[in-house]
Amino acid sequence: MNRNKGVTGPQGFRAAGIAAGIKESGALDLTLVVNDGPQDSAAGVFTTNKVKAAPVLWSQQVIQSRRLTAVVLNSGGANACTGPEGFQDTHATAEKVAEVLGTGAVDVAVCSTGLIGERLPMDKILTGVENVVKALDSSVEAGLNAATGVMTTDSRPKQSWKASADGWSVGGFVKGAGMLAPNMATMLSVITTDAKISGESLDKALRLATGRTFDRLDVDGGTSTNDTVLVLASGASGVEPSFEDFVALLTEVSADLVKQLQGDAEGVTKEISITVKQAASEAEAVLIGRTVAEDNLVKTALFGSDPNWGRIAMALGRADAEIDPDVLQILINGVSLYRNGTRDRDRSEADLSGREIEIVIDLNVGDAEATVLTTDLSHDYVEENSAYSS
């Protein structure tokens, strides 16, 4: 896995990230990713929040054709809850990109991230589109700039790339630090591949991959209005992998991006994995893992490096799933603290002083398993989110 490469790692793609003046800080805030082909297959998954931002509504429409030429993304404003005017702004952005690239607006997806409820400065966006097209390049630096241009409260850009043994590859970037929860997606992400694959297969592969990666990260239970994951295929490698091989590499790159999201979540001091084993079904394993992941009492205990297994038992017991406390086992960092209805080893034996914490919940009621990733609830998380709009 190579984190120095991202969307420009696969053949057939150019990208750029520039400062268009959307952010008062002067930071990079406008990103463009272009698929030069010869293929233009694409697929996307979007937030399930009923309050969807204008760019989500637009991109959901255009992705139905299973093809895209470009994705334009801005940070510094979500363009969510902005009414019909906000949708018109998204449409105008897509039309401007299409005009400069010589394609159609229906071939351009749009993504936005930032504060909800404010109109975007369209004069800066439209001028920025002209400038970002001029900056397009297939270099590693261009890919990094693209990953940087979508950052909000992220402390660093997040990208990943990996090549297969037979000459095709998958690369991508992702942004997100707060308002992260499952229900597809959990942030903004653009993934590229130079494999030859149809739009229909790409859509199926993306849903399989995100179901096991992006949908298993739950920082705070907040499903955003703007969450989008897009994958574009250029076919430039000339290689058509098996569907199984493609899903495997797409999943691997997606998992790496998700791990980076977890490590850069707002206020994070602990990176926590919750594995639920021997559940009645995978869906119930995920449900239990998410219930524990979102529990504030669990998250604050872990912030304090306190192996308080009682809070975990309390949280999982709230899940609408098959649970028998008399056969249940809870382990923290490899130490069994609860087993078969009562305490097991002394909680002081579990060392939580490090950054990585592994919780294993063995239900002993079935044969399904799932892992959910989360973080602790720290002072910094509260401070950062209490002043987000000020």
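Colleague: Residue-level account of the sheet that holds strand S2 (residues 30–35), with values.
Modeller: Here 4 strands make up an open sheet; going across it, the order is S1-S2-S4-S5 and the pairing mixed. The sheet is open, and its two edges are formed by strand S1 (13–18) and strand S5 (108–113), each paired on a single side. Taking each pair of neighbouring strands and ignoring which way they run, the sheet shows an average axis angle of 10°. As paired elements, S2 and strand S4 (residues 70–75) share 5 bridges and run antiparallel to each other. Residue Leu-30 lies in a different strand from S4, and its bridge partner there is Asn-74. Sheet strands touched by helix H4 (residues 140–148): S1 and S2. Its angle to S1, the strand with the most contacts, is close to 50°.

Colleague: Can you break down the packing of helix H5 (residues 199–212) against helix H6 (residues 243–263) residue by residue, with the values?
Modeller: Packing of H5 against H6 leaves a shortest axis separation of 9 Å and a crossing angle of 45°. On the basis of their axis angle, the class for H5 and H6 is oblique. Crossing handedness for the pair H5 and H6: right-handed. Contact residues: Ser-201, Leu-202, Lys-204, Ala-205, Leu-206, Leu-208 and Ala-209 in H5; Phe-243, Phe-246, Val-247, Leu-250, Thr-251 and Ser-254 in H6. Residues that form the contact of H5 with H6 fall into these classes: 9 nonpolar, 3 polar and 1 charged.

Colleague: Explain the side chain of Ser-336 residue by residue, including any values.
Modeller: By the secondary structure assignment, Ser-336 is in strand S12 (residues 335–339). A polar contact is formed between the side chain of Ser-336 and the side chain of Asp-344, at a distance of 2.6 Å. Setting aside anything within four residues of it in sequence, one finds Ser-336 in contact with Gln-329, Ile-330, Leu-331, Asp-344 and Arg-345.

Colleague: Which residues make up the confidence of the model for the protein chain, and what values go with them?
Modeller: Detailed reading of the predicted coordinates is not advisable wherever pLDDT falls low. Within the protein chain, residue pLDDT values average 92, and 95% of them lie at 70 or more. A low-confidence stretch, residues 179–186 (pLDDT under 50), is modelled with 48 contacts involving residues beyond four sequence positions or located in other chains.

Colleague: Tell me about H5, residues and numbers included.
Modeller: Along an α-helix, residues three or four positions apart point the same way, because every turn accommodates 3.6 residues. Spanning 14 residues, H5 covers 20 Å between terminal C-alpha atoms, matching the ideal 20 Å at 1.5 Å per step. For H5, every residue scored as buried is listed here: Gly-199, Leu-202, Asp-203, Ala-205, Leu-206, Ala-209 and Thr-210. Next to the buried residues of H5 lie strand S3 (41–46), strand S9 (228–233) and H6.

Colleague: An account of the packing of helix H1 (residues 54–62) against helix H2 (residues 83–101) is requested, with residue identities and associated values reported.
Modeller: Contact geometry of H1 with H2 gives a least axis separation of 8 Å together with a crossing angle of 55°. For the element pair H1 / H2, the angle class is oblique. Considering how the two elements wind past one another, H1 and H2 form a crossing that is right-handed. Across from Ala-54, Pro-55, Leu-57, Trp-58 and Gln-61 in H1, the residues of H2 making contact are Gly-86, Phe-87, Thr-90, His-91 and Ala-94. Grouping the amino acids of the contact of H1 with H2 by side-chain chemistry returns 6 nonpolar, 4 polar and no charged.

Rules and cut-offs
Residues numbered from 1 in each chain as written. Predicted model: local features only at pLDDT ≥ 70, side-chain atom pairs only at ≥ 80, totals over all residues. Heavy atoms only, no water. Pairing = 2+ DSSP bridges. Helix = DSSP H or I, 4+ residues; strand = E, 2+ residues; numbered from the N terminus. Axes fitted to C-alpha atoms, helices over the stretch in contact; angles between N-to-C directions. Contact = heavy atoms within 4.5 Å. Parallel < 35°, antiparallel > 145°, perpendicular 65-115°, else oblique. Left-handed = near helix turned anticlockwise from the far one by under 90°. Nonpolar A, V, L, I, M, F, W, Y, C, P; charged D, E, K, R; others polar. Polar contact = N/O pair within 3.5 Å; in protein donor to acceptor, adjacent residues only side chain to side chain. pLDDT = per-residue confidence, 0-100. Expected span 1.5 Å × (residues − 1). Buried < 20%, exposed > 50% of the residue type's maximum accessible area, 1.4 Å probe, protein only.

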